[in-house]
Amino acid sequence: MSPPSSIEAPSLQPPLGVSSKRLVPWLIAVAFFMESLDTTILNTAVPTMAAALHVAPLSMKSVLASYTLSLAVFIPISGWMADRFGTRRVFASAIGIFTLGSFLCGISSNIHVLVACRILQGCGGSMMVPVGRLTLVRTFAKSELIRAMSFVAIPALIGPMLGPIAGGLIVGYFHWRVIFFVNIPIGIAGLCMVYLHLPDYREPTNPLDVAGLILFGSGIALLSYVLEVFGEHTLNAGEILALLALSALLLAGYGFHATKTAYPMLHLILFRIRTFRAAVSGSFLTRLGIGGIPFLFPLLYQVGLGFTPIQSGLLMMPQAIAAMSLKVTMPRILARFGYRAVLVSNTLIIGMLIVLFATIGKGTPVWLIVVEVFFYGFFTSLQYTSMNTLVYADVSEEQESGASSIASTAQQMAISFGVASASLVTVFFIPDHYRSNPAQFIQGVHRAFLVLGGMTLLSTIIFGDLKRGDGDAVSQRTDLHAG
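Being a predicted model, the structure only gives us computed values, none of them experimental.

Engineer: Please provide a residue-by-residue account of the overall build of the protein, values included.
Structural biologist: Summing up its helical and strand segments, the protein has 20 helices and 0 strands in all. Expressed as a percentage of the 483 residues in the protein, the buried residues total 57%. Pairs at least 24 residues apart make up 86% of the contacts formed inside the protein by residues separated by at least 6 positions. For the protein, the exposed area adds up to about 18700 Å²; of that, 69% sits on carbon and sulfur atoms.

Spelled out as C-alpha cells, the structure:
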C-alpha cells in the first residue's frame, strides 16, 4: 500500500488558477442538483403516477429501485472511466446520457418502458456523482475537503427542497410526464458549463476488469430483483431461495476473483484501512435504513393521511431546509468533536427519529410533523457529509479513484436496497396492499419505520470501531486544538 501523498497537484493536470478552482464546486453542483431534483420530484409523484399507469403505489418501487440499481451496477467502472478518458469527457457524457434518459422517461407509455428508461438514466447518473466527487478530491487538499464538499452540497440540496413542492405542483396542475422534462434545460446548461470550465484529470489506467464487472453486476442486479419481487407472490419460496443462492454465489465469485486478478474492478484491499472500512460499511448500513424514508413519506402523507401532492411536497421541504442550514457549521462540528464522536452519537439520534416517525397519524399536528422532519434533515445532513469525507482520510492519491468507486457503489446499493427493504417491510405488514384502507396502510408504514430505525441504530456498532484521532487530517481537528 503506497504512502499518502498530497492531492493538490494531480499528475496529468496543471494546477488550477484561483478563479477556476472556485468554479469547480459550482460545476459539479449542477449535476448533483439535477440528480437530487429528479429523485425528490419523483417520490412525491409516486401515487399519481401509479394511478396513471394502473399499478399499485407500492409497485412503483421498481421505478425508483431500477435507477439506483443501475447506479450500483455501473458506478464501479466510473473511476476507471475517469482515469482513462478524463474527468471532463466522462462527466459531460454522463450529464448527456442522464438528460436523454429523462426525455425518454417522459414519453414512456407503461411502467415496463419507464423502468427501462430509468435504467438508462442510471447509466448516466452512475458517472456523475463519483466522477464529480473524484474531481473535488483531486482539486482540493485534504484539509480543504470538508469545506469543498459542504459547499457543493448546498446547491445540491436545493433539489430536495424544490423537488417535493415542484413534484406536487406538477402533478396537481400539469401532467406527471413534465417531471422528467424539467431535467432537460438543466442538463443542457450543465453540459455547456462542464465542457468550458471543468478540469480534465487523467491517470494511467490498467486493463478493465470485464470478468469482475460481469460477476459483480450480475450478482447485485439479481439480488435487487429478488428484493423487488419478494412479497408480491410472483415467485414461490423455492425459486426465491434459488435466486438468492445464485446471487450470493456470483458475489462470492467476484470476491475470490478480486483476490486473484492483478487489476480488480473494486480494490477490496482498501478495506484494510480502518477509516475507509468504517466509512463505507457504516454508510452502507446507515443508508439501508435511511434509504427507504423518502419513498415511505409521500405514501404515508397521501395514501394514509389523505394529503394532496402539494401538501405532501410542502411537508418534505423542512428536511432540505435543515440540511442546508447545517452545511455552514459542519466543518466546525467535525473539527470540535471528531469523526468518532459525531458518527456514533449522530447515528443514534437518526435511528430514534425514524422510530419516532411511527407516531405520525391522522391526529398528529402539522407543526409537530414539521419539527420532526426538520431535525431529521439536520442530523442526516451531518451524517452524509461526515461519512463521505471520512472515506478519503487515509487513502493515497493513487487510491482515490478506487476509493471513490467503492464508496459510491456501496452508497447506491444501500439506497436501492433501502427502497426495496422499505417496500418489502410495508408489504409484509399490509398483505393485501391493493385493497387496504388508510388505517391499515398507516399501520403498515409505522411498522416499517420501526424496522428501518432499528437497522439504522445497528450502524453505531461499526462507527464504534473508529479511534479518537481518526479523520483528523480531513477535519483539521488537530490544527484547531493546537491553535
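Still more to cover.
Engineer: Summarise the state of the cysteines; cite the residues concerned and give the values.
Structural biologist: Two cysteines form a disulfide when their sulfur atoms are joined by a covalent bond. Applying the stated criterion across every chain yields a total of 0 disulfides. The thiol sulfur of cysteine 105 is not disulfide-bonded, and the nearest other cysteine sulfur, from cysteine 117, lies at 5.0 Å. We classify cysteine 105 as buried; its relative accessible area is 0%.

Engineer: Could you give an account of the packing of helix α14 (residues 330-337) against helix α16 (residues 366-390), with specific residues and numbers?
Structural biologist: One can describe the packing of α14 onto α16 by two numbers: an axis separation of 11 Å at closest approach and a directional angle of 70 degrees. Taken together, α14 and α16 sit at an angle that is classed as roughly perpendicular. For the pair α14 and α16, the crossing hand works out as right-handed. Residues Met330, Ile333 and Leu334 of α14 lie in contact with α16, whose contacting residues are Ser381, Leu382, Thr385 and Ser386. Classifying every residue of the contact of α14 with α16 by side-chain character gives 4 nonpolar, 3 polar and no charged.

Engineer: Residue-level account of the nonpolar core, with values.
Structural biologist: Counting residues in hydrophobic clusters, the biggest one holds 123 residues, and the most contacted among them are Phe91, Phe276, Phe297, Ile354 and Phe449. When residues in this core are grouped by element, the largest group, 16 residues, is from helix α1 (residues 18-53). Those residues within four positions of phenylalanine 297 in sequence are excluded, and the remaining contacts are Met316, Phe357, Ile360, Val373 and Phe449.

Engineer: I'd like a description of a nonpolar patch on the surface, backed by residues and values.
Structural biologist: Together, Ile321, Trp367, Val371, Phe374 and Phe375 line one region of the surface with nonpolar side chains, adding up to about 480 Å² of accessible area. As for its placement among the helices and strands, tryptophan 367 is situated in helix α16. Relative accessible area serves as the criterion here: at 58%, tryptophan 367 is assigned to the exposed category.

Engineer: Before we move on, can you summarise empty space enclosed by the protein with the specific residues and values?
Structural biologist: Unfilled space is identified by rolling a water-sized probe across the atoms. Applying the stated criterion across every chain, the model contains 2 cavities of 30 Å³ or more. Residue lining of the second largest cavity: Arg133, Ala279, Val280, Ser283, Arg287, Met387, Asn388, Val391, Ala407 and Gln411, and that is the complete set. When contributions to the lining of the second largest cavity are tallied by element, the ones reaching two or more residues are α11 (274-290), α16 and α17 (400-429). Considering each element in turn, the lining of the second largest cavity owes the most residues, 4 residues, to α11.

Engineer: With reference to specific residues and values, describe the pattern of salt bridges.
Structural biologist: Within this structure, the stated rule accounts for 3 salt bridges. A salt bridge links aspartate 83 to arginine 138, with the nearest nitrogen and oxygen atoms 2.9 Å apart. Taken together, the positions of aspartate 83 in helix α3 (residues 78-85) and arginine 138 in helix α5 (residues 111-139) put the pair 55 residues apart, joining distant regions of the chain. Here aspartate 83 and arginine 138 have matching classes, each one buried. Its salt-bridge partner being arginine 277, residue aspartate 465 comes within 3.5 Å of it at the nearest N-O pair.

Engineer: Can you explain α5? Please cite residues and give values.
Structural biologist: Helix length check: α5, at 29 residues, gives a terminal C-alpha distance of 41 Å against a target of 42 Å (1.5 Å per residue), a fit within 8%. For α5, the principal kink sits at glycine 124 and spans about 30 degrees.

Engineer: A description of the side chain of serine 459 should follow, citing residues and the corresponding values.
Structural biologist: Mapped onto the elements of the fold, serine 459 is located in helix α18 (residues 438-463). We classify serine 459 as buried; its relative accessible area is 0%. Ignoring sequence-local partners within four residues, the contact set of serine 459 consists of Gly282, Leu285, Thr286 and Thr347.

Engineer: Before we move on, can you summarise the packing of aromatic side chains with the specific residues and values?
Structural biologist: In this structure the tally under the stated criterion is 13 aromatic pairs. Here the aromatic rings of phenylalanine 297 and tyrosine 301 are separated by 5.2 Å at their centres, their planes lie at 15 degrees, and the arrangement is stacked. With phenylalanine 297 and tyrosine 301 both in helix α12 (residues 293-304), this residue pair falls 4 residues apart, about one helical turn. Pair check on accessibility: phenylalanine 297 and tyrosine 301 agree, each one buried. Each member of the aromatic cluster is reached from another via a ring pair, and the members are Phe297, Tyr301, Phe307, Phe357, Tyr376 and Phe449. Over the ring of phenylalanine 85 we find arginine 84, and its NZ or CZ is 5.0 Å from the ring centre. In this structure, arginine 336 packs its charged tip against the face of phenylalanine 337, placed 5.1 Å from the ring centre.

Engineer: Explain α12 to me, and be specific about the residues and the numbers.
Structural biologist: Within α12, 10 of the 12 residues are buried, leaving the element largely enclosed by the surrounding structure. Residues Ile293, Phe295, Leu296, Phe297, Pro298, Leu299, Leu300, Tyr301, Gln302 and Gly304 constitute the buried set of α12.

Engineer: Would you mind going over the packing of α11 against α16 in detail, with residue names and values included?
Structural biologist: Relative to each other, α11 and α16 sit at 150 degrees, their axes nearing to 8 Å. Overall, the two elements α11 and α16 adopt an arrangement that is roughly antiparallel. The way α11 lies across α16 gives a crossing that is left-handed. Residues Thr275, Ala279, Gly282, Ser283, Thr286, Arg287 and Ile290 of α11 pack against Tyr376, Thr380, Gln383, Tyr384, Met387, Asn388 and Leu390 of α16. Of the residues in the contact of α11 with α16, the class split is 6 nonpolar, 7 polar and 1 charged.

Analysis parameters
- Residues numbered from 1 in each chain as written.
- Predicted model: local features only at pLDDT ≥ 70, side-chain atom pairs only at ≥ 80, totals over all residues.
- Heavy atoms only, no water.
- Helix = DSSP H or I, 4+ residues; strand = E, 2+ residues; numbered from the N terminus.
- Buried < 20%, exposed > 50% of the residue type's maximum accessible area, 1.4 Å probe, protein only.
- Contact = heavy atoms within 4.5 Å.
- Areas by Shrake-Rupley, 256 points an atom, 1.4 Å probe, with all protein chains shown as cover.
- Disulfide = S-S within 2.5 Å.
- Axes fitted to C-alpha atoms, helices over the stretch in contact; angles between N-to-C directions.
- Parallel < 35°, antiparallel > 145°, perpendicular 65-115°, else oblique.
- Left-handed = near helix turned anticlockwise from the far one by under 90°.
- Nonpolar A, V, L, I, M, F, W, Y, C, P; charged D, E, K, R; others polar.
- Core = buried A, V, L, I, M, F, W, Y, C linked by side-chain atoms within 4.5 Å.
- Patch = residues over 30% accessible without salt bridge, like charges linked within 9 Å, V, L, I, M, F, W, Y side chains within 5 Å.
- Salt bridge = Lys/Arg side-chain N within 4 Å of Asp/Glu carboxyl O.
- 1 Å grid on protein atoms, 1.4 Å probe; cavity = no way out; pocket = protein on both sides within 12 Å on 5 of 7 lines; lining within 4 Å.
- Points joined across faces, edges and corners; volume = space filled by probe spheres on them.
- Expected span 1.5 Å × (residues − 1).
- Bend = angle between axes of the 7 residues up to and from the residue.
- Phe/Tyr/Trp six-rings, centres within 6.5 Å; stacked < 30°, edge-to-face > 60°.
- Lys NZ or Arg CZ within 6 Å of the ring centre and 35° of its normal.

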